[in-house]
Amino acid sequence: MCIRDRYMGIVVLYTKAENIYAGIPPNSTVDSTDFNNANTSITIGAILSIVMLVLEILISFVGITLFFDRLNLFQSILHGLGAILYLWFVMEAWHYLNIWYLWIVFVLIPFIFEALFTFIAYLYHRKVAK
């Protein structure tokens, strides 16, 4: 499911102009400060989405959280909803700042849970091994 979200981040990068124009005054040009600030914001949001999802995939490949069924279900649901909402974000040309709300809920929270559960499992296995 993470892979779909990563591709949605790439799609956002290629279609960001519509989202930018949805959030800046109508008379703004490509050279305006509003456009440049919006472009920077949406670009950083999309790139952070891609980077954090790739990191989450790499942490998953370690396999420590492989059998945490509830965590996997939670992440699958969030990533599935995230992919749908990122698609909606692109198709409906939402305001460019909405990418940050999507990022917090559908990228940051699953990443934190994956990293936290991996760390807790690592500490537990290290304690048991002693």
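This write-up is about the structure you can find in this document. Fair warning: this is a prediction, and the values are worked out from it, not measured in the lab.

All right, on to the overall build of the chain then. Counting its secondary structure elements, the chain contains 5 helices and 0 strands. On C-alpha atoms alone, the chain measures out to a radius of gyration of 17 Å, which is more than a quarter above the 14 Å that the 2.2 N^0.38 rule sets for 130 residues. Oriented by its inertia axes, the alpha-carbon framework of the chain measures out at about 65 × 25 × 20 Å. Scored against the burial criterion, the 130 residues of the chain give a buried share of 35%. Of the contacts formed within the chain by residues at least 6 apart in sequence, a portion of 75% connects residues at least 24 apart.

Next up on the list: helix H5 (residues 98-129). When the terminal C-alpha atoms of H5 are compared, their 46 Å separation across 32 residues agrees well with the 46 Å that a helix rising 1.5 Å per residue should span. Helix geometry: H5 is bent most strongly at Ile104, by close to 35°. Along H5, the residues classified as buried are Ile99, Leu102, Trp103, Phe106, Val107, Pro110, Phe111, Glu114, Thr118 and Ala121.

What follows is about the nonpolar core. Counting 20 residues, the largest nonpolar core has Val12, Ile42, Tyr86, Phe89 and Ile99 as its most contacted members. Looking at this core, the elements with two or more residues in it are helix H3 (33-62), helix H4 (69-91) and H5. Residue contacts for Val12: discarding those within four places in its chain leaves Ile42, Ala46, Tyr86, Phe89, Val90 and Ile99.

We now examine H3. The end-to-end C-alpha distance of H3 is 44 Å, a good match for the 44 Å that 30 residues give at a rise of 1.5 Å each. Gly63 lies just past H3 and shows a positive phi near 90°.

A few words now on unusual backbone geometry. Positive phi values are uncommon outside glycine, yet Ala93 reaches one of about 50°. Tracing the chain through its elements places Ala93 in the loop between H4 and H5. Under the relative-accessibility criterion, Ala93 is labelled partly exposed at 25%.

On inspection of all chains with the given rule, the structure shows 7 aromatic pairs. On the basis of an interplanar angle of 90° and a centroid distance of 6.1 Å, the ring pair of Phe89 and Trp94 is categorised as edge-to-face. A network of ring pairs unites the aromatic residues Phe68, Phe74, Phe113 and Phe117 as a single cluster.

For Asn37, the position within the fold is in helix H3. Looking at Asn37, the relative accessible area reads 48%, which means it is partly exposed.

Attention now moves to the packing of helix H2 (residues 16-23) against H3. How two helices sit against one another is set out by the angle between their axes and by the gap between those axes. One can describe the packing of H2 onto H3 by two numbers: an axis separation of 10 Å at closest approach and a directional angle of 130°. Relative to H3, the element H2 lies oblique. By crossing handedness, the relation of H2 to H3 is classed as right-handed. Each of Lys16, Asn19, Ile20 and Tyr21 in H2 lies in contact with H3, whose residues at this interface are Phe35, Ala38, Asn39, Ile42 and Thr43.

About the criteria used
Residues numbered from 1 in each chain as written. Predicted model: local features only at pLDDT ≥ 70, side-chain atom pairs only at ≥ 80, totals over all residues. Heavy atoms only, no water. Helix = DSSP H or I, 4+ residues; strand = E, 2+ residues; numbered from the N terminus. Rg over C-alpha atoms; globule rule 2.2 N^0.38 Å. Buried < 20%, exposed > 50% of the residue type's maximum accessible area, 1.4 Å probe, protein only. Contact = heavy atoms within 4.5 Å. Expected span 1.5 Å × (residues − 1). Bend = angle between axes of the 7 residues up to and from the residue. Core = buried A, V, L, I, M, F, W, Y, C linked by side-chain atoms within 4.5 Å. Phe/Tyr/Trp six-rings, centres within 6.5 Å; stacked < 30°, edge-to-face > 60°. Axes fitted to C-alpha atoms, helices over the stretch in contact; angles between N-to-C directions. Parallel < 35°, antiparallel > 145°, perpendicular 65-115°, else oblique. Left-handed = near helix turned anticlockwise from the far one by under 90°.

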